[in-house]
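Now for the letters of each chain:
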Amino acid sequence: MSKDVLGKVIALLLAMQLFLIGFQAKSQIDQGNSSLEALIWMTQQYISVLVKIRSLQDKKEETDSQK
């Protein structure tokens, strides 16, 4: 699998993860949790995804600079 295709697959999976976080937050609100609680939970989840993305970017830059 080429690096370009792998990168696109990873990006798609991260986007799906972000979508699912939003869906779970809506579900929490529907179950009676406050919007603020759901927003705080969502923010914590998004931070985790952003850390993953940053780590992948750093690895890609490191690999590109070694070429």
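One structure accompanies this document, and this report is about it.

So, how was this worked out
- Each chain carries its own residue numbering, running from 1 in the written order of its sequence.
- Note on the predicted model: pLDDT of at least 70 is required for a residue's local features to be given, and 80 or more for side-chain atom pairs to be given and counted; whole-chain, interface and lining totals, by contrast, use all residues.
- Think of the side-chain values as coming from all heavy atoms in the structure, minus any hydrogens and water.
- Only DSSP runs of H or I covering at least 4 residues are called helices, and only runs of E covering at least 2 are called strands; the numbering of each starts at the N terminus.
- To estimate the expected span of a helix, count its residues, drop one, and scale the result by 1.5 Å.
- Residue exposure (1.4 Å probe, protein chains only): buried if accessible area is under 20% of the type maximum, exposed if over 50%, otherwise partly exposed.
- Note on definitions: a residue-residue contact is assigned when non-hydrogen atoms from the two residues lie within 4.5 Å.
- Each axis is a line fitted through C-alpha atoms, and for a helix only the stretch in contact is used; angles between axes span 0 to 180 degrees, taken between their N-to-C directions.
- Roughly parallel means an angle under 35 degrees; roughly antiparallel, over 145; roughly perpendicular, 65 to 115; everything else is oblique.
- When residues are sorted by character, Ala, Val, Leu, Ile, Met, Phe, Trp, Tyr, Cys and Pro go into the nonpolar class, Asp, Glu, Lys and Arg into the charged class, and all the rest, Gly among them, into the polar class.
- A pairing counts as a salt bridge when a side-chain nitrogen of Lys or Arg comes within 4 Å of a carboxyl oxygen of Asp or Glu.

Its 31 residues give helix 2 (residues 35-65) an end-to-end C-alpha distance of 44 Å, which sits within 8% of 45 Å, the value for a rise of 1.5 Å per residue. Along helix 2, the positions that sit buried rather than exposed are Ala38, Met42 and Val49. As for helix 2, its buried residues are in contact with helix 1 (3-30).

Before going further, it helps to spend a moment on the packing of helix 1 against helix 2. Between helix 1 and helix 2, the least distance of the axes is 8 Å, while the angle of their chain directions is 170 degrees. With respect to helix 2, the axis of helix 1 lies roughly antiparallel. Where helix 1 abuts helix 2, its residues Lys3, Ile10, Leu14, Gln17, Leu18, Ile21, Gly22, Gln24, Ala25, Gln28 and Ile29 lie against Ser35, Ala38, Trp41, Met42, Gln45, Tyr46, Val49, Lys52, Ile53, Leu56 and Thr63. Classifying every residue of the contact of helix 1 with helix 2 by side-chain character gives 13 nonpolar, seven polar and two charged.

All right, on to the environment of Ala38 then. Mapping Ala38 onto the fold places it in helix 2. Through-space distance from the C-alpha of Ala38 to that of Ser27 is 9.1 Å; in sequence the pair is 11 residues apart. Among all residues touching Ala38, those that are not within four sequence positions of it are Ala25, Gln28 and Ile29.

Moving on to the pattern of salt bridges. Pairs may arise between side chains of opposite charge once their charged atoms sit close together. Counting across every chain of the model gives four salt bridges. The salt bridge partner of Asp30 is Lys26, with a shortest N-O separation of 2.9 Å. Of the two residues, Asp30 and Lys26 are both situated in helix 1; the distance of four residues between them amounts to about one turn of the helix. Here Asp30 falls in the exposed class, since its relative accessible area comes to 55%. Owing to a relative accessible area of 49%, Lys26 belongs among the partly exposed residues under this scheme. Close ionic contact of Asp64 with Lys60 constitutes a salt bridge, the shortest N to O distance being 2.9 Å. With Asp64 and Lys60 both in helix 2 and four residues apart, this pair spans about one turn of that helix. Classification of Asp64 by relative accessible area gives partly exposed; the value is 37%.

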